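# Inside the fold
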Amino acid sequence: MQTLARILAPACLSILMGGTAMATESVLSYNRDVRPILSDNCFACHGFDPETREAGMRLDTREGATADNDGVVAIVPGDLNASALWQRIHSTDRNDVMPPPHTHKTITPEQREILRQWIEQGAQYEEHWSFVPPAAVAPPPVQQTDWPRSPIDHFILAKLEANGLRPSPEAGKEALIRRVTLDLTGLPPTLEEVDAFLADGSPDAYEKVVDRLLASPRYGERMAIDWLDAARYADTNGYQVDRDREIWAWREWVINAFNRNLSFDQFTIEQLAGDLLENPTLEQRIATGFNRNNMMNEEGGIDADEFLAEYTADRVETTMTVWQAQTFNCNRCHDHKYDPFSQKDFYAMKAFFHNVPEPGVGHYNKAIRENSPPHLRLPAPEIEEQVRQLRGQLAEAGQRLGGLAEDHPERDPIGKQIAELNQQIRNVEANIPTTLVMAEMEQPRPTFILLRGAFDDPGEQVEAATPETLPAMADDLPRNRLGLAKWLVAPENPLTARVTVNRFWQQVFGYGLVKTSDDFGAQGEYPSHPQLLDWLATDFVSSGWDVKDLMKKLVTSATYKQHAAFTPQLLELDPENRLLARSGRHRLPGEIIRDQALAVSGLLVEKIGGPSVKPYHPEGIYEQLTEGKGTTSYVQGSGEDLYRRSLYTYWKRSVPHPALLAFGTPFREVCSVQRTRSNTPLQALNLMNDETYVEAARLLASRMMASSSDARERLTFGFRTVLARAPRPAELAVLERAYQRALAEFRDDPAAAAALLGVGATPPDPNLDPVELAALATVAGTILCMDETVTKP
């Protein structure tokens, strides 16, 4: 087999070898090949930040690198011997070698060879790739002309062919419908949907499935999951007290926005500045809850100014991560070490968010629905009618009282009635739900650079402005959140469209074209397919920022429809599947794993929106961690609340739901746009023992028993219900043996069968044989625990 270095082109090696290309005599790209080396090893001491720049030498710009610095020139284009950088990285003197030993950084022989070629080729610098506006690129020609189904496939196939690889065959129809249904709705397909697709022999059968899924209300719920992570959504305020808050109406707005296919530019504007639109609707004001999802401190004795600084900083960092994929938290206390952003840029951005009429301290002594201002009362017609009637009674009592003399004996009883009516009004109004929103102060707060980030050490005063390195805001845009939102989605902004399509690509394919989806800066990864990224970005904008159109293009591509099996060659050459010669196999998100179990068992309650619910929760954990915080016990819900989709699960920041946390759901204390993916014993233990999955296995077993009187047919039904395909003979044989073994054990121990059937709130069907049902539940639980079940097909 050919070696990795010989078979792959430099651009691919840039991906597979940590961002740098193996040395070849071709012309190198500074962005792809050189910048990652200098950024990792040099920029911290010789980069943008003048405060930490050693010896006055700067390597992040050509002007700095080629400047004469007291007779020392770091890089002399075309002349290795005169280039101090070249000499210092080869020095054997510990006091002279670069990088210095104390940094624990080392430039490898391959990286030195790249630097040699680059200097000899003239040491050309390039503007950082993500700061250059994306340009429309024509799809490249390919040799295997019968494979591409879309321009996306041309870009993928061209890279594969350049590296001597071929795409994988198309996946089977069962795998395809399960894959795309999970990706677009977060739920598995029903057997009826699978059978209809298998029976449809028309050329557009798959496209019809995609269109149906995009039109499903379940689509918006799936799309909202990742956005809740980005927005740091939770049902509590965080910090030590971590008391409840109400902001579920914003979550419902997000779901509805995806379902009605609100254009992404408007999606952006309404969330960042819906309240500043002309005559904003109730929904547009609710949308601004995006930037009220930050944590709020309700502890006694804290400094309000300190936490007001924290809230506004959080909004800057979240906005710049979500829409620009820039690590702005790095320039809160000083200039950025790697990227051309100053501390002033951070606080100029903060000024956009410093005008919210909010206290720095939460309302600990007030009712939950008296949310920390600003907040908005939601429509509640029935409750509002009760209030209207009570106010009418109050007005009548007031009129009667006003007509009485001071010494009239009826004054005291009427006065008591008025007091009681006022209390009733307060009690009834307390049932009206509220939601946190953004608003503007009439007189804006002044904003200062905080020296070293300290809230009580103000420096220079700054005005609201966008980062100097990026294109300036248009003169006609207001210098407020509305102007900021419009700047983010302006054609001149080089980042927003790229960042957005990259995250949707990540959602569908497992990795973004830029793997570091939270960092498009110098320390981030160079795109695996830069031209494809630009094509997607420009096409997204020209489509009117149409998210459903983008998702359809992704899931109807031949790239997406490949089967997921890998060969020894692909495992050796491209273990992370960055070249996409096959479909990726990734573990499903925790929410989808749970929702899948509820769906196949028939327990799932498909109700959209509303307040968060409290499903099953391990005993003791909540109480241990919330003692002294005002709420010391977890009050489990009942009925439908136990079986709602997981994105409606009550999310307490100090005690996130452990079953979801085990599968990588973030704590949501801060913005997160990329989940960690792990494989731990705790996950398997959860699937085998969590009440949710045991109960789901019981109910799936009930469906299996109802499907047939034949054991093999029952097992096949359960297997197909979960995985959309029939079991292979060897698999069916394993399931049969497991069933017969469990059947024998439960016949000998009917009490164990009863104990298993007693798990969960839904009682077993009394008309079904408990021993058979328990045995089938054991097999159903095995199916729900299979690697294939919790993995994208």
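Residues numbered from 1 in each chain as written. Predicted model: local features only at pLDDT ≥ 70, side-chain atom pairs only at ≥ 80, totals over all residues. Heavy atoms only, no water.

### Here's the deal with the layout of surface pockets
- In this structure, the largest pocket spans a volume of roughly 660 Å³.
- In terms of lining, the largest pocket is formed by 32 residues, of which the most central are Arg222, Asp226, Gln506, Gln507 and Arg677.
- Looking at the lining of the largest pocket, the elements with two or more residues in it are α9 (173–185), α12 (217–230) and α21 (496–509).
- A per-class count over the lining of the largest pocket returns 15 nonpolar, eight polar and nine charged. (1 Å grid on protein atoms, 1.4 Å probe; cavity = no way out; pocket = protein on both sides within 12 Å on 5 of 7 lines; lining within 4 Å. Points joined across faces, edges and corners; volume = space filled by probe spheres on them. Helix = DSSP H or I, 4+ residues; strand = E, 2+ residues; numbered from the N terminus. Nonpolar A, V, L, I, M, F, W, Y, C, P; charged D, E, K, R; others polar.)

### So, the side chain of Ser168
- Structurally, Ser168 can be placed in the loop between α8 (151–162) and α9.
- Judged by its relative accessible area of 11%, Ser168 falls in the buried class.
- In this view, Ser168 contacts Trp147, Gln562, His563, Ala565, Ala581 and Arg582; residues no more than four positions away in its chain are not counted. (Buried < 20%, exposed > 50% of the residue type's maximum accessible area, 1.4 Å probe, protein only. Contact = heavy atoms within 4.5 Å.)

### Some words on empty space enclosed by the protein
- This structure, assessed with the given rule, holds eight cavities of 30 Å³ or more.
- There is about 90 Å³ of room inside the largest cavity.
- Along the walls of the largest cavity sit 13 residues, with Trp505, Tyr511, Asn577, Arg578 and Leu580 positioned nearest its centre.
- Here the residues of the lining of the largest cavity sort into five nonpolar, six polar and two charged.
- Each pocket or cavity is described by its volume, and for the second largest cavity that value is around 70 Å³.
- As for the second largest cavity, its lining consists of Ile225, Leu228, Tyr233, Glu591, Ser646, Leu647, Thr649, Trp651, Leu660, Thr665 and Arg668.
- Class assignment for the residues of the lining of the second largest cavity results in six nonpolar, three polar and two charged.

### Observations regarding a negative patch on the surface
- Together, Asp303, Asp305, Asp456 and Asp457 make up a region of like negative charge exposed at the surface.
- Turning to its location among the elements, Asp303 is positioned in the loop between α15 (282–287) and α16 (304–324). (Patch = residues over 30% accessible without salt bridge, like charges linked within 9 Å, V, L, I, M, F, W, Y side chains within 5 Å. Areas by Shrake-Rupley, 256 points an atom, 1.4 Å probe, with all protein chains shown as cover. Salt bridge = Lys/Arg side-chain N within 4 Å of Asp/Glu carboxyl O. Lys, Arg positive; Asp, Glu negative; His and termini not counted. Charge placed at Lys NZ, Arg CZ, Asp CG, Glu CD.)

### Remarks on the pattern of salt bridges
- Tallied over the full model, the rule gives 46 salt bridges.
- A salt bridge links Arg116 to Glu113; its shortest N-O distance comes to 2.3 Å. Residue Arg116 and its partner Glu113 are located together in helix α7 (residues 109–120), separated by three residues, close to a single helical turn.
- Its relative accessible area of 18% is what places Arg116 among the buried residues.

### Observations regarding unusual backbone geometry
- The step from Met98 to Pro99 runs through a cis peptide bond, and the omega angle for that step is -5°.
- Relative to the helices and strands, Pro99 resides in the loop between α6 (84–89) and α7.
- A cis amide bond links Pro373 to the next residue, Pro374, at an omega of 0°.
- Among the structural elements, Pro374 can be located in the loop between α17 (343–353) and β3 (375–377).
- Residue Arg232 is not a glycine yet carries a positive backbone phi of 55°.
- Looking at the secondary structure, you find Arg232 in the loop between α12 and α13 (248–259).
- One non-glycine residue, Asn279, adopts positive backbone phi at about 50°.
- Turning to its location among the elements, Asn279 is positioned in the loop between α14 (264–273) and α15.

### Describing the packing of aromatic side chains
- By the definition in use, this model includes 27 aromatic pairs.
- Both rings, one in Phe264 and one in Trp545, keep their centres 6.3 Å apart while their planes meet at 20°; by these two values the pair is stacked. Taken together, the residues span a long stretch of sequence, with Phe264 in helix α14 and Trp545 in the loop between α22 (530–542) and α23 (547–555) at a distance of 281 residues.
- Residue Phe264 is classed as buried on the basis of its relative accessible area, which comes to 2%.
- Just above the ring of Tyr511 sits the side chain of Arg578; from NZ or CZ to the centre is 5.8 Å.
- We note Arg677 situated over the ring of Tyr511; from NZ or CZ to the ring centre the distance is 5.6 Å. (Phe/Tyr/Trp six-rings, centres within 6.5 Å; stacked < 30°, edge-to-face > 60°. Lys NZ or Arg CZ within 6 Å of the ring centre and 35° of its normal.)

### Some details on a nonpolar patch on the surface
- Judged by side-chain polarity, Leu682, Leu685 and Met688 come together as a nonpolar surface patch covering roughly 310 Å² of accessible area.
- By the secondary structure assignment, Leu682 is in helix α28 (residues 681–689).
- Owing to a relative accessible area of 54%, Leu682 belongs among the exposed residues under this scheme.

### Remarks on the confidence of the model for the protein
- For the protein, the mean per-residue pLDDT works out to 93, and 95% of the residues sit at or above 70.
- For the stretch residues 1–24, pLDDT sits under 50, and the model shows 61 contacts to residues farther than four places along the chain or on other chains. (pLDDT = per-residue confidence, 0-100.)

### Side note on the packing of α16 against α17
- At a minimum axis distance of 9 Å, the contact between α16 and α17 shows a crossing angle of 105°. One element, α16, and the other, α17, form an angle in the roughly perpendicular class. Here Ala309, Thr312, Ala313, Arg315, Val316, Glu317, Thr319 and Met320 of α16 lie close against α17, whose contacting residues are Phe346, Met349, Lys350 and Phe353.
- Its residues assigned to classes, the contact of α16 with α17 comprises seven nonpolar, two polar and three charged. (Axes fitted to C-alpha atoms, helices over the stretch in contact; angles between N-to-C directions. Parallel < 35°, antiparallel > 145°, perpendicular 65-115°, else oblique.)

### Some details on the environment of Ala380
- Within the element layout of this structure, Ala380 appears in the loop between β3 and α18 (381–402).
- Distance in space between the C-alpha atoms of Ala380 and Asp456 is 43 Å, their sequence separation being 76 residues.
- If we skip the residues at most four places from it in the chain, Ala380 touches Ile432 and Pro433.

### Looking at helix α31 (residues 729–748)
- A rise of 1.5 Å per residue sets the reference length of α31, with its 20 residues, at 28 Å; its end C-alpha atoms lie 29 Å apart and thus fit the reference within 8%.
- Taken residue by residue, α31 has Leu732, Leu735, Ala738, Tyr739, Ala742, Leu743 and Phe746 as its buried positions. For α31, the angular spread of the buried residues around the axis is 135°, confining them to a single face. Exposed side chains of α31 directed beyond 90 degrees from the buried face belong to Pro729, Ala730, Arg737, Arg741 and Asp748. (Expected span 1.5 Å × (residues − 1). Arc of directions from axis to C-beta.)

### A look at the packing of α9 against helix α11 (residues 205–214)
- Packing of α9 against α11 brings their axes to within 10 Å, and their N-to-C directions diverge by 25°. By the angle between their axes, α9 is roughly parallel relative to α11. In the crossing of α9 with α11, the sense of the turn from one axis to the other is right-handed. Where α9 approaches α11, its residues Leu176, Ile177, Val180, Thr181, Leu184 and Thr185 are matched on the opposing element by Tyr206, Val209, Val210, Arg212, Leu213 and Leu214. (Left-handed = near helix turned anticlockwise from the far one by under 90°.)

### Some details on the environment of Thr469
- Residue placement: Thr469 occurs in the loop between β6 (458–462) and α20 (481–488).
- In the structure, Thr469 is positioned 351 residues away from Trp118 in sequence and 26 Å away in space, judged by C-alpha atoms.
- For Thr469, the contacting residues outside a window of four places in its chain are Phe131, Pro340 and Phe341.
- Among the polar contacts listed, one links the side chain of Thr469 to the backbone oxygen of Pro340, at a separation of 2.5 Å. (Polar contact = N/O pair within 3.5 Å; in protein donor to acceptor, adjacent residues only side chain to side chain.)

### Section: the state of the cysteines
- Under the counting rule described, the total for this entry stands at zero disulfides.
- With no disulfide of its own, Cys330 lies closest to Cys333 among cysteine sulfurs, the gap being 9.8 Å.
- Cys330 gets classed as partly exposed once you look at its relative accessible area, which sits at 32%.
- Cys671 takes part in no disulfide bond, and the closest cysteine sulfur to it belongs to Cys330, at a distance of 14 Å. (Disulfide = S-S within 2.5 Å.)

### Focus: the environment of Ile225
- Inspection of the secondary structure assignment puts Ile225 in helix α12.
- For the pair Ile225 and Asp407, spaced 182 residues apart in sequence, the C-alpha to C-alpha distance is 65 Å.

### Here's the deal with α7
- With twelve residues, α7 extends 17 Å from end C-alpha to end C-alpha; this agrees with the ideal 16 Å at 1.5 Å per step.
- All of the buried residues in α7 are Gln111, Ile114, Leu115, Arg116, Gln117, Trp118 and Ile119.
- Residues of α7 that are buried in the fold lie against α3 (30–41) and α6.
- In the segment just after α7, Gly122 is the residue with positive phi, at about 115°.

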